[in-house]
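Below, each chain spelled out in residue letters.
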Amino acid sequence: MAAPPPQQLERGEIIARNVGVGCLTTMAGFFSGGMIAVLVGKFVGSVQGCRPPEGLPACNWWVYAGIGAVIGAITLPTIALGKLNRRRPNINAE
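Summarised in this report is the structure supplied together with it.

The rules behind these values
- Starting afresh in each chain, residues are numbered from 1 along the sequence in its written order.
- pLDDT decides what is reported in this predicted model: residues at 70 or higher carry local features, side-chain atom pairs at 80 or more are listed and counted, and totals for whole chains, interfaces and linings draw on all residues regardless.
- Water and hydrogen atoms play no part in the side-chain values, which are based on all heavy atoms of the structure.
- Labels follow the DSSP assignment, with helices taken as runs of H or I lasting at least four residues and strands as runs of E lasting at least two, numbered in each case from the N terminus.
- Whether a residue is buried, partly exposed or exposed follows from its accessible area with a 1.4 Å probe, protein chains only, as a fraction of its type maximum: under 20%, in between, or over 50%, in that order.
- Whether two residues are in contact is decided by their heavy atoms: any pair within 4.5 Å suffices.
- Disulfide assignment relies on a single distance test, namely cysteine sulfur atoms paired within 2.5 Å.

Across its full length, the protein carries two helices and zero strands. Counting every position in the protein, which comprises 94 residues, the buried fraction comes to 19%. Expressed as a percentage of contacts within the protein between residues at least 6 apart in sequence, the contacts between residues at least 24 apart total 73%.

See below:
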């Protein structure tokens, strides 16, 4: 028995879905990218022999956090929306 064909969304529904997914993944990418970059900064600081001040995670952590947050806010939505909107082959076409 063949699986039923996937439901086709209207243009407005696709736009709403993409905006929702884009906003959610932008925020997630912003914070996760920043945290990962601060971890990288901690490793770089350890290799360089830098000792961060009391209560701070790494030397120059704000630079790493800012760059990582921007990279994460761009890449995560791009990957998610790219996967979500890629064309699927029509397996029912004969």
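Read on for the rest.
Here we take up the state of the cysteines. Scanning the model with the defined rule gives one disulfide in all. Two residues, Cys50 and Cys59, share a disulfide whose sulfurs are 1.6 Å apart. The disulfide joining Cys50 to Cys59 has a torsion of about -90° about its S-S bond and is therefore left-handed.

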